[in-house]
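Notes for the structure review
Spelled out from the first residue to the last, the chains are:
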Amino acid sequence: MIRSMGRWSLRIVAALVLLLLLFYAGLLALMTFTERSWLGDPPFHEAIDARSSTPHDITLIDDGALALAYRLQLIESAQRTLEVEYFIYDLDRSSRVVTQALAARAAAGVKVRVLVDFSLPVLALRPVYAQTLRDAGIDVRYYNTASVARLFSVQHRTHRKLLIADGEAAIIGGRNIADEYFDLSPDYNFLDSDALVRGEVVAAMRESFDLYWDSPWARTLDARTAATDDGARDAEGFLVPTVADRAVAQAARTLPLTLPVHQCGDVRFVTDYPGLAVRNRQVYNAIVDLLAEAKAEVLAESPYFVLRGDGLDALQSLTDRGVRLSVLTNSLYSTDAYYTVGPLFFSLAPLQPTGMHLYAYSGGPPEPVAARSALFSGSERWGVHSKRAVIDDATVLLGTYNIDPRSANLNSELILVCRDAPALAAVLRRDLEARMARSEPVLDGATLARRALLGRADWRDQLVMLIVAPVASAFDILL
């Protein structure tokens with residue numbers, strides 16, 4: 001009797017799994033059909049693709065502690081307006097310090113607007129906290145508040161990262177607002193990259209923020225009408241500096257902001273139009289066009305490296321023209337998203353004919369920086385999170401776009417492109433090559449070292465990856 005019940009239980013579970021797989025297969029088919037057949041031409045707005053030939057000042061920020069310091073300086077310099085847009089906005093020390101700085105500028109009469117993605121798996125700045133910010137003079141909206149029950153709409157997220165002061169200076173790049181992006185986490189930190197930009201194209205960045213802020217996808221949620229939230233007491237103290245907050249702020253503000261400022265006379269800002277439709281995805285098309293211009297070499301970095309057919313074709317076209325392609329991504333040990341490694345692990349063989357060079361980051365810490373507060377000592381385990389590339393030692397790409405189907409098809413992304421800037425390209429190249437030196441080659445031309453993609457991951461992580469890999473590969477458009 002017990003064995004019979006066990007067999008029936010297994011059959012029921014198997015049937016439920018099969019139904020779930022069929023449901024998601026139908027969902028993906030619907031998404032593909034909808035995106036390609038129903039939605040027509042993309043909307044037009046000048047802010048989604050702006051190019052300027054006037055001189056711009058660009059500072060690359062590859063250090064986490066300095067990234068926090070430059071943000072605080074930019075916020076505190078604002079006299080009229082501040083626009084803030086992030087995918088992740090946490091409630092930890094760095095987030096508190098940044099928010100308290102924003103509140104201080106709001107109290108001084110600066111108009112402050114904050115747009116945060118409403119993705120429930122990562123949402124920390126909940127409506128009850130937004131109400132605290134509004135009480136301090138900061139306007140807060142959420143992007144895409146669709147419930148998880150709306151499986152089609154909920155897949156669309158704004159993955160953009162922007163901090164704009166007075167429409168004249170901006171910090172864009174891969175970093176969200178959380179400790180692990182600023183070398184403050186004791187467990188796991190990201191190696192990431194930002195650019196501080198001053199010049200004409202910043203006006204287009206601000207217009208793109210307005211485009212998202214005013215879109216039907218952005219909503220103000222009142223904590224009193226939102227779902228029950230038990231964080232009211234914590235929210236009340238979010239803007240009250242603690243001893244720990246003051247220590248982090250003081251440590252950041254005492255860092256010397258002496259990174260080199262580079263001149264760029266050909267700057268382009270590209271972002272996706274708000275909304276789910278593939279027709280709105282402009283960043284992917286811009287990247288494909290830029291790769292088509294490459295003549296000798298492309299060096300790229302992406303925390304996730306998940307390719308579908310069109311992406312593989314784009315890389316193959318590069319190497320077919322004799323362009324050397326080198327890509328740095330995470331190993332299983334260094335990643336924060338193990339489910340993205342499985343599809344890559346089992347698709348390495350099709351990558352071999354491209355002749356590309358693929359490196360997996362070891363997970364070790366960066367080179368130590370002298371005269372740095374112990375607060376920024378970080379962790380023993382690190383992962384790469386930059387989204388950047390150097391083309392022919394002259395063109396630089398930096399932004400939020402991951403090499404994965406989600407960035408190509410579902411997310412709203414942005415990139416900054418600087419052409420004919422060899423000095424800027426050399427700085428980015430040196431940092432990228434330093435990270436590659438702390439990595440292991442997975443593909444070296446025709447040589448495949450599959451084991452290198454696992455890095456120092458233990459057997460438990462490897463087992464989980466192997467179990468999840470088939471499902472992740474089947475639904476890779478959601479990765």
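What you see is a predicted model; the values in this text were computed from it and never measured. Counting restarts for each chain: residues are numbered from 1 in the order of the written sequence. Note on the predicted model: pLDDT of at least 70 is required for a residue's local features to be given, and 80 or more for side-chain atom pairs to be given and counted; whole-chain, interface and lining totals, by contrast, use all residues. Note: side-chain values were computed over all heavy atoms of the structure, leaving out hydrogens and water.

1. Side note on the overall build of the protein
Spelled out, the test is: Secondary structure elements are taken from DSSP: a helix is a run of H or I of four residues or more, a strand is a run of E of two residues or more, and numbering for both begins at the N terminus. In what follows, a contact means two residues having at least one pair of non-hydrogen atoms within 4.5 Å. Exposure was quantified through the Shrake-Rupley algorithm and a 1.4 Å probe, taking into account, for residues, occlusion by the shown protein chains and nothing else.
Helix and strand counts for the protein stand at 14 helices and 23 strands. Taking all contacts inside the protein whose residues are at least 6 apart in sequence as the whole, residues at least 24 apart take part in 84%. Surface summary for the protein: the accessible area is close to 20,200 Å², and the carbon and sulfur share equals 58%.

2. Side note on the nonpolar core
Under the convention used in this document: The definition of a nonpolar core used throughout is a set of buried Ala, Val, Leu, Ile, Met, Phe, Trp, Tyr and Cys residues joined through side-chain atoms within 4.5 Å. Summary of the burial criterion: residues with accessible area below 20% of their type's maximum are buried, those above 50% are exposed, and those between are partly exposed, where the area comes from a 1.4 Å probe applied to protein chains only.
In this structure, Leu68, Leu82, Tyr89, Leu102, Val114 and Ile138 are the most contacted members of the largest nonpolar core, which totals 59 residues. Beyond its immediate stretch of four places on either side in the chain, Leu82 contacts Leu74, Ile75, Leu102, Arg105, Val110, Lys111, Val112, Arg113, Leu163, Ile164 and Ala165. By size, the runner-up hydrophobic cluster in this structure holds 39 residues, among which are Ala300, Leu315, Val442 and Met465.

3. Points about the sheet that holds strand E11 (residues 218-219)
This is how the line gets drawn: Whether two strands pair comes down to DSSP finding at least two bridges between them. Axis geometry follows a simple rule: fit a line to the C-alpha atoms, using only the stretch in contact for helices, then measure angles between N-to-C directions, giving values from 0 to 180 degrees.
Across the sheet, nine strands lie side by side as E11-E5-E4-E3-E7-E8-E10-E2-E12; this open sheet has mixed pairing. Here the strands that pair on one side only, and so sit at the sheet edges, are E11 and strand E12 (262-264). The pairing of strand E3 (residues 81-86) with strand E7 (residues 162-165) spans four bridges and is antiparallel. Its bridge partner being in E7, Glu83 is matched across the sheet by Ile164. Here helix H13 (residues 422-437) sits on the sheet and contacts strand E2 (56-61) and E12; the angle it forms with E2, its principal contact strand, is near 10 degrees.

4. Points about empty space enclosed by the protein
Here is the rule: Site definitions follow a grid-based scheme: protein atoms alone, a 1 Å grid, a 1.4 Å probe that fits but cannot get out for cavities, and for pockets an open set with protein on both sides within 12 Å along at least five of seven lines, plus lining residues having an atom within 4 Å of a point. Grid points are joined across faces, edges and corners, and a volume is the space filled by probe spheres set on the points. The classification used treats Ala, Val, Leu, Ile, Met, Phe, Trp, Tyr, Cys and Pro as nonpolar, Asp, Glu, Lys and Arg as charged, and all other residues, Gly among them, as polar.
Under the counting rule described, the total for this entry stands at four cavities of 30 Å³ or more. Within this model, the largest cavity holds a volume of roughly 470 Å³. If you go around the largest cavity, you meet 32 residues; those closest to its centre are Ile287, Leu291, Leu315, Tyr401 and Ile403. Mapped by element, the contributors of at least two residues to the lining of the largest cavity are helix H8 (283-293), strand E14 (297-301), helix H9 (309-320), strand E15 (324-330), strand E18 (388-391), strand E19 (395-399) and helix H12 (405-409). In terms of residue count, the dominant contributor to the lining of the largest cavity is H9 (five residues). For the lining of the largest cavity, the residue count by class is 22 nonpolar, four polar and six charged. Within this model, the second largest cavity holds a volume of roughly 40 Å³.

5. Regarding the layout of surface pockets
Empty pockets left among the atoms are what a rolling probe the size of a water molecule brings to light. Computed from the structure, the second largest pocket encloses a volume of approximately 670 Å³. Of all the secondary structure elements, the ones that give two or more residues to the lining of the second largest pocket are strand E9 (188-191) and H13. Residue contributions to the lining of the second largest pocket peak at five residues, all from H13. Here the lining of the second largest pocket is built from residues that sort into 14 nonpolar, four polar and 11 charged.

6. Section: H8
What counts is decided by this rule: Note that the arc is defined by the directions from the helix axis to the C-beta atoms.
By the burial criterion, the buried members of H8 are Val283, Ala286, Ile287, Leu290 and Leu291. Down the axis of H8, the sector holding all buried residues measures 135 degrees, keeping them to one side. In this structure, the buried residues of H8 make contact with strand E13 (267-271), E14, H9, E18, E19 and strand E21 (414-418).

7. A few points about helix H2 (residues 64-77)
In plain terms, the rule: A helix is expected to span 1.5 Å multiplied by its residue count minus one. In protein, a polar contact means a hydrogen-donor-capable atom and an acceptor-capable atom, both N or O and within 3.5 Å, with residues adjacent in sequence counting only if both atoms are side-chain atoms; elsewhere, any N or O pair within 3.5 Å suffices.
For H2, which comprises 14 residues, the first-to-last C-alpha distance of 20 Å matches the rise-based estimate of 20 Å (1.5 Å per residue) to within 8%. Counting buried residues along H2, 11 of its 14 residues qualify, which places the element largely inside the surrounding structure. Among the residues of H2, those classed as buried are Gly64, Ala65, Leu66, Ala67, Leu68, Ala69, Tyr70, Arg71, Leu72, Leu74 and Ile75. A side-chain oxygen of the first residue of H2 lies 3.1 Å from the backbone nitrogen of Ala65; this N-cap is Asp63.

8. A look at the state of the cysteines
Going by this rule: Cysteine sulfurs are considered disulfide-paired once they come within 2.5 Å of each other.
In the structure shown here, the tally under the stated rule is one disulfide. In this model Cys264 forms its disulfide with Cys418; the gap between the sulfur atoms is 1.8 Å. Across the S-S bond of Cys264 and Cys418 the torsion is about 120 degrees, and the bridge reads as right-handed. Of the two residues, Cys264 sits in strand E12 while Cys418 sits in strand E21, which places them 154 residues apart along the sequence.

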